[in-house]
Amino acid sequence: MDMNPLRPVILAAADSPRLKRAITGTKVTAGIVRRFVAGETRAELRPVIGDLLASRRLISVDFLGENTTDRGQADAMVAEYLSLIKDLSAAPRPDLPGIGAAPVEVSVKLSALGQALPVDGPAIAADHLRAVCAKADEAGVWVTVDAEDHTTTDATLSTVRELRTEFPWLGAVLQAYLHRTEADCAALSGHGSRIRLCKGAYREPREVAFQRASEVTDSYLRCLEILMRGEGYPMVATHDPVLILAAEQLTAETGRDIGNFEHQMLYGIRDAEQLRLAGGGVATRVYVPYGSQWYGYLTRRLAERPANLAFFLRALVSK
Ligand code: FDA
């Protein structure tokens, strides 16, 4: 079966300006946005991350935005990340015995930092990422670069490789649905390499990506095994019980130190499971998005569950 038969349909429909106007302009939206997005401003974000850290979970904060084609917007994105990192450095950190991970991380999308600008995009994004990493380094905060659609994978991994010479703790994300990812995992499983493995959230053609749920799960399992048997620091980003169990089994099988990998989940999804894992002493990080540009992020979350189609239909009829 396809990952979710409605997923490509929802993701395609989400590109329509009409649907975007309908979704962003209705009352039914506010509640569902609040489920997945911590707030629109840093002031709204603060209590959310305070509660997560107090519950012994680690955090990765994402300032929402993507596909910037305006230099001013890319510059503004960097300025917000610098202020965010300053705020995060002041947040009380949990005492987590045996866990060496930085409790606080930021996640960034290179397309928000200027990668898609018509002139010198990748170089501008790399300079912007360098500024974010330098500030994060001072503050004891980690940075991980999100994975976007497959047309950006080479440019993004090449920027991460370049910057890891200055910031060896810089992390990258790999998407198990891409055919190439097993090879990328093997190439990036060396000492010190922080790799977040996820299934992948974009609408991708069958030439580059597995389409069936079972193929994506199998690919994830192969990639996970490579990372868990490697020398890096795997970040197991999934809510899927089969994959979480596989990570637990591989930890035991490979003798990997419990402080040398982490589970990651999204804010608003499987909260009880996040608490169970954190309570068992394993590093468990929650990806927390905030900001006013939540539309792309929200539609990817809604597309992951067929039950959410009803939300789109309600938004359209209540317009
Ligand atoms: P799957 O979708 O099969 O879900 C397993 C179970 O989790 C479901 O049965 C349900 O119980 C629950 N669940 C999952 N999604 C839900 C939802 N939206 N609403 C309610 N319940 C839900 N992708 C990407 O392309 N680039 C990236 O950089 C990242 N970054 C990232 C960071 C982190 C920390 C996570 C956890 C995920 C990402 N992703 C991502 C998203 C990822 O690719 C994927 O789309 C989602 O995690 C959903 O896949 P699962 O592995 O959870 O499995």
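This text follows the structure it describes.
A brief look at the structure comes next. (Residues numbered from 1 in each chain as written. Predicted model: local features only at pLDDT ≥ 70, side-chain atom pairs only at ≥ 80, totals over all residues. Heavy atoms only, no water.)

### Some details on the site of the ligand
Surrounding the ligand, one finds 24 residues, the nearest of these being Lys-199, Gly-200, Thr-238, His-239 and Glu-304. Residue Ala-147 places a main-chain N or O atom 2.8 Å away from a nitrogen atom belonging to the ligand. A distance of 2.9 Å is found between an oxygen atom of the ligand and a side-chain nitrogen or oxygen belonging to Gln-175. When isolated, the ligand has an accessible area of 940 Å², and the protein chains bury 85% of it. Listing elements by their share of the shell around the ligand, those giving two or more residues are helix H3 (27–36), strand S4 (171–175), strand S5 (194–198) and strand S7 (262–266). Each residue belonging to the shell around the ligand can be placed in one class, and the counts come to 11 nonpolar, five polar and eight charged. (Near = heavy atom within 4 Å. Polar contact = N/O pair within 3.5 Å; in protein donor to acceptor, adjacent residues only side chain to side chain. Areas by Shrake-Rupley, 256 points an atom, 1.4 Å probe, with all protein chains shown as cover. Helix = DSSP H or I, 4+ residues; strand = E, 2+ residues; numbered from the N terminus. Nonpolar A, V, L, I, M, F, W, Y, C, P; charged D, E, K, R; others polar.)

### Considering the pairing of S5
By the criterion of burial, S5 is predominantly enclosed, with five of the five residues buried. What you see with S5 is no split at all: Arg-194, Arg-196 and Cys-198 on one side and Ile-195 and Leu-197 on the other are buried throughout. When S4 meets S5, the two strands line up parallel, connected through five bridges. Each residue of the ladder has a partner; that of Ala-172, found in S5, is Ile-195. You can see the chain leave S4, run along helix H8 (residues 181–187) and come back into S5, and the turn it takes is right-handed. The parallel pair S5 and strand S6 (residues 233–237), bridged by helix H9 (residues 213–229), forms a crossover whose chirality is right-handed. (Buried < 20%, exposed > 50% of the residue type's maximum accessible area, 1.4 Å probe, protein only. Pairing = 2+ DSSP bridges. Right-handed = clockwise from strand over helix to strand, strands pointing away.)

### A closer look at helix H1 (residues 7–14)
Residues Arg-7, Ile-10, Leu-11 and Ala-14 constitute the buried set of H1. Within H1, the buried residues cover an arc of 95 degrees as seen down the axis, which keeps them to one side. (Arc of directions from axis to C-beta.)

### What about the packing of helix H5 (residues 71–89) against helix H6 (residues 121–139)?
When two helices pack together, you describe them by how their axes are tilted relative to each other and by the distance separating the axes. Contact geometry for H5 and H6: axes closest at 9 Å, N-to-C directions at 10 degrees. Here H6 runs roughly parallel to H5, going by the angle between their axes. Here Arg-71, Ala-74, Asp-75, Val-78, Tyr-81, Leu-82, Ile-85 and Ser-89 of H5 lie close against H6, whose contacting residues are Ile-124, His-128, Ala-131, Val-132, Lys-135, Ala-136 and Ala-139. Across the contact of H5 with H6, the residue classes break down as 10 nonpolar, two polar and three charged. (Axes fitted to C-alpha atoms, helices over the stretch in contact; angles between N-to-C directions. Parallel < 35°, antiparallel > 145°, perpendicular 65-115°, else oblique. Contact = heavy atoms within 4.5 Å.)

### Overview of the side chain of Thr-284
Inspection of the secondary structure puts Thr-284 in strand S8 (residues 284–290). A residue is classified by how much of its surface remains accessible, and Thr-284, at 1% relative accessible area, is buried. A distance of 3.0 Å separates the side chain of Thr-284 from the backbone oxygen of Val-282, its partner in a polar contact.

### A few points about helix H11 (residues 271–279)
What H11 keeps buried is the set Glu-273, Gln-274, Leu-277 and Ala-278. Considered in projection along H11, the buried side chains sweep an arc of 135 degrees and stay on one side of the axis. Exposed residues lying more than 90 degrees from the buried face of H11 are Ala-272 and Gly-279. Considering only its buried residues, H11 is in contact with helix H10 (241–254), S7 and S8. One or two residues past the end of H11 sits Gly-281, with phi positive at roughly 90 degrees.

### Some details on the packing of aromatic side chains
Considering all chains together, one arrives at five aromatic pairs under this definition. The interplanar angle of 55 degrees and the centroid separation of 5.6 Å between the aromatic rings of Phe-167 and Trp-169 together place this pair among those described as tilted. On the basis of relative accessible area, Trp-169 is assigned to the buried category, the value being 16%. Relative to Tyr-297, the ring of Tyr-287 lies with its centre 6.3 Å away and its plane at 10 degrees, an arrangement referred to as stacked. With Tyr-287 in strand S8 and Tyr-297 in helix H12 (residues 295–303), this residue pair connects regions lying 10 residues apart in the sequence. Residue Tyr-287 shares its accessibility class with Tyr-297, and that shared class is buried. Here a set of aromatic residues connected by ring pairs shows up, and it is made of Phe-63, Tyr-81 and Tyr-290. Across the ring face of Trp-142, the terminal group of Arg-194 is positioned such that the distance to the ring centre comes to 4.0 Å. (Phe/Tyr/Trp six-rings, centres within 6.5 Å; stacked < 30°, edge-to-face > 60°. Lys NZ or Arg CZ within 6 Å of the ring centre and 35° of its normal.)

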